[in-house]
Each structure stands twice: as structure tokens, then as C-alpha cells.
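Chain by chain, the residues:
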Amino acid sequence: MQRPGPFSTLYGRVLAPLPGRAGGAASGGGGNSWGLPGSHVQLPGRALSGTRGSAGSTSTSGGACSSVCSVPSTMSKAEEAKKLAGRAAVENHVRNNQVLGIGSGSTIVHAVQRIAERVKQENLNLVCIPTSFQARQLILQYGLTLSDLDRHPEIDLAIDGADEVDADLNLIKGGGGCLTQEKIVAGYASRFIVIADFRKDSKNLGDQWHKGIPIEVIPMAYVPVSRAVGQKFGGVVELRMAVNKAGPVVTDNGNFILDWKFDRVHKWSEVNTAIKMIPGVVDTGLFINMAERVYFGMQDGSVNMREKPFC
Ligand code: 5RP
């Protein structure tokens, strides 16, 4: 089905070898502010509720604000929404003696902050497995216990952000280039919970996220992989370029990232499997049937929770 929208109509065209646009946050681009402690503001806690199998929300009162408060921008609303989602997930799912998978991005910062508060307040015994260099730094800077899959191959709960979530809870991830480790950690977790702000909630993948589906590739294969993806599935494939470095983004695993700007809605499970079979592909940013529940922080200060009906 050809879908209208912002996608290129250059069906099958491959742009990978050309110098591309600014890359994702892994290279310092992508518009994310993946702050570490001190880079975001502590706000009053909020309540939430949700319903099984359908979105539910509870409006909450706004945070403390003096007469000098200005009207919040969409950006600050999004940041506050991330915080609401992150904290809600931690309240609802983190328990004593868990092995936790810690995602990457800007939303997870709020969750880690709340985990650290709870560890201190409740004397929780938690072990954290990072999904990236950023997550590792976050764990260390918040004084949490860092471990790895060698010592803890079974994870109780993984919490991570997403770039987009569709109606079936399929995700696009990897805006920050961390998709491979994120998928490994989520894949070995008993429960995978996603946290996001209201901008990530879509009916179909691509409705709101226009940067494409990230594909991590072995560097020597980026041109043939780009061509293969374009020829098989259409759209435009771009090599993600670094911002404050000449050349491409290099992932935490020493690989390149292709951003596949698809031009229609696909059967994502089939496409994901097919792309993974292309020689040189490490993994894709399609997380199919992995997320159990998603918390969306909303503009009105509430949190919507959605989960698969069969969970
Ligand atoms: C990084 C990711 C992030 O989880 C995703 O990009 C969401 O990031 P943010 O929380 O900053 O919106 O997949 O590879």
C-alpha cells in the first residue's frame, strides 16, 4: 500500500554512499539532549493510572510554578512528559533484588534518576545492565550497581525509550544508534517496558518518526546492504553521518548505522527478518512484538499506559 506523507517517492533509490545529513544523538546530533545528572530539572511527582488493553489516563495537577512561569514550550512539555513516563514505569515495575536492563536516550535518564532515589529511600538491591556507553555512564554516575550479561545473563526487567510506537506496540529504536545492545538487553529480559513522551505514539510506524529505521551494519558492507534494502523494500537508505566528527557515526560496537526511510507501511515482522538476513547487517531498529507495555507521558501531565491485550 502506498502511503501518503512525508516520505520520499524515490522508490528504490539508494543514497548510502553519499555524505548524509546530521546523524543521531550517538554522534552528537538528532536533537536529543541525553543529559546526565544535573542537566534536567527535578519536578514534583505525578500520579498515573492506566487500563489493560487500551489507553487510560489520569490528569494530574501541574507542578509548582511562580508568577514568573512562562507558557511551557512543546519541548519542555515533551521533557516533562518523558519524566512522567520514566518515573511511572519505575514506580510500577521496579522491585527489590531485580536485575535491570537500562536503556539509552534522554527519557531513560528520568527513570534512572527515580531508580537511584528508590535505591536510597528503600535500600533496594538492584543490578543494572547497560545498553550503551551512555547507559553505563548513567548507571555509574547515579551510583547504581553496574553489571553485564556475563554475570547476569537473565534480566528481570528492561526499561528503555523508543523513537516511535505503533498500535501493536511495535517500535522503532536506534535514534541514538544503540539499537543492537538495546535489542540484546530487551531480548534477554523477562519483561520489556517502554517509556516515551506523547510525540512517539503513532498508529503506524512512520506517522511521526521521519528519520527512518536504523540498521546497524558492519562497515565494509554498508554499500551492498544499502543497495539490497533499497532494492528489496524501496525507500531511501542513508549512511548516518556524525556531527562533530568528519565521516559516519560509529556505534558503540564499532559499526555504521544506515537510516532506511521507508516509503510505505510494511509487514514489519517479515521485513525485520528479511533485513536481518542480509549479509553485513548486525541488527535493525525494529523491535517487533517485544514491548509488553508502554508508558506515554502526555502534554496534560497525565500518563497513558498501553499494553498488548494478551499480556
Ligand atoms: C537509542 C534509542 C532511544 O531509546 C530512542 O532514540 C529514544 O530516545 P529518547 O528517549 O531520547 O527520545 O533507541 O538508540
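Residues numbered from 1 in each chain as written. Predicted model: local features only at pLDDT ≥ 70, side-chain atom pairs only at ≥ 80, totals over all residues. Heavy atoms only, no water.

In the nomenclature of an unreviewed UniProt entry, the chain corresponds to Ribose-5-phosphate isomerase from the organism Microcebus murinus. Checking UniProt for the chain, the heading Sequence similarities (unreviewed entry) contains the comment "Belongs to the ribose 5-phosphate isomerase family." Per UniProt, the comment on the chain under Pathway (unreviewed entry) is "Carbohydrate degradation; pentose phosphate pathway; D-ribose 5-phosphate from D-ribulose 5-phosphate (non-oxidative stage): step 1/1." (UniProt positions renumbered as here; feature names shortened; annotations may be inferred.)

Per the counting criterion, the structure on display carries 6 aromatic pairs. When the centroid spacing of 5.8 Å and the interplanar angle of 50° are considered together, the rings of Phe233 and Trp260 count as tilted. Taken together, the residues Phe233 in helix α5 (residues 222-233) and Trp260 in strand β9 (residues 256-261) connect sequence positions 27 residues apart. Across the pair, exposure class does not vary: Phe233 and Trp260 are buried alike. With a centroid separation of 6.2 Å and 70° between ring planes, the pair formed by Trp260 and Trp268 is classed as edge-to-face. With respect to burial, Trp260 and Trp268 carry one shared label: buried. (Phe/Tyr/Trp six-rings, centres within 6.5 Å; stacked < 30°, edge-to-face > 60°. Helix = DSSP H or I, 4+ residues; strand = E, 2+ residues; numbered from the N terminus. Buried < 20%, exposed > 50% of the residue type's maximum accessible area, 1.4 Å probe, protein only.)

Here we have 3 strands laid out as an open sheet, ordered β4-β5-β11, and antiparallel in their pairing. Bordering the open sheet on either side are β4 (164-165) and β11 (286-287), each of which pairs with just one other strand. Sheet topology note: the β4/strand β5 (residues 171-172) ladder contains 2 bridges and is antiparallel. Bridged to Val165 within β5 is Leu171. (Pairing = 2+ DSSP bridges.)

Here Glu238 lies in strand β8 (residues 236-239). Considering only alpha carbons, one finds Glu238 and Tyr222, 16 residues apart in sequence, at a separation of 9.7 Å. Within the structure, the side chain of Glu238 is placed 3.1 Å from the side chain of Lys261, a separation counted as a polar contact. (Polar contact = N/O pair within 3.5 Å; in protein donor to acceptor, adjacent residues only side chain to side chain.)

With that settled, the discussion passes to unusual backbone geometry. Phi at Leu169 takes a positive value of approximately 65°, unusual for a residue other than glycine. You can see Leu169 is positioned in the loop between β4 and β5. On the basis of relative accessible area, Leu169 is assigned to the buried category, the value being 2%. In this structure, Asn289 is a non-glycine residue whose phi angle is positive, near 60°.

Right, let's get into the site of the ligand. Neighbouring residues of the ligand: 18 residues in total, closest Ser106, Thr107, Asp163, Gly174 and Lys200. Contact between the ligand and Asp163: an oxygen atom at 2.6 Å from a side-chain N or O atom of the residue. A distance of 3.0 Å separates an oxygen atom of the ligand from a polar side-chain atom of Glu182. Computed on the free molecule, the ligand has an accessible area of 370 Å², of which 99% lies beneath the protein chains in the complex. Across the shell around the ligand, the residue classes tally to 3 nonpolar, 10 polar and 5 charged. (Near = heavy atom within 4 Å. Areas by Shrake-Rupley, 256 points an atom, 1.4 Å probe, with all protein chains shown as cover. Nonpolar A, V, L, I, M, F, W, Y, C, P; charged D, E, K, R; others polar.)

The next subject is the pattern of salt bridges. Taken as a whole, this structure holds 18 salt bridges when the rule is applied. In this structure, Lys200 engages Asp197 in a salt bridge whose closest nitrogen and oxygen atoms are separated by 3.9 Å. Residue Lys200 shares its accessibility class with Asp197, and that shared class is buried. As a salt-bridge pair, Arg264 and Asp263 come within 3.2 Å of each other at their nearest N and O atoms. For the pair Arg264 and Asp263, a shared accessibility class is recorded, and that class is buried. (Salt bridge = Lys/Arg side-chain N within 4 Å of Asp/Glu carboxyl O.)

Our next topic: helix α2 (residues 107-122). For α2, spanning 16 residues, the distance from its first C-alpha to its last is 23 Å, which sits close to the expected 22 Å at 1.5 Å a residue. Where burial is concerned, most of α2 is hidden: 12 out of the 16 residues are buried. Considered for burial, the residues of α2 that qualify are Thr107, Ile108, Val109, His110, Ala111, Val112, Gln113, Arg114, Ile115, Ala116, Glu117 and Arg118. One or two steps after α2, the chain reaches Asn123, where phi turns positive at roughly 55°. (Expected span 1.5 Å × (residues − 1).)

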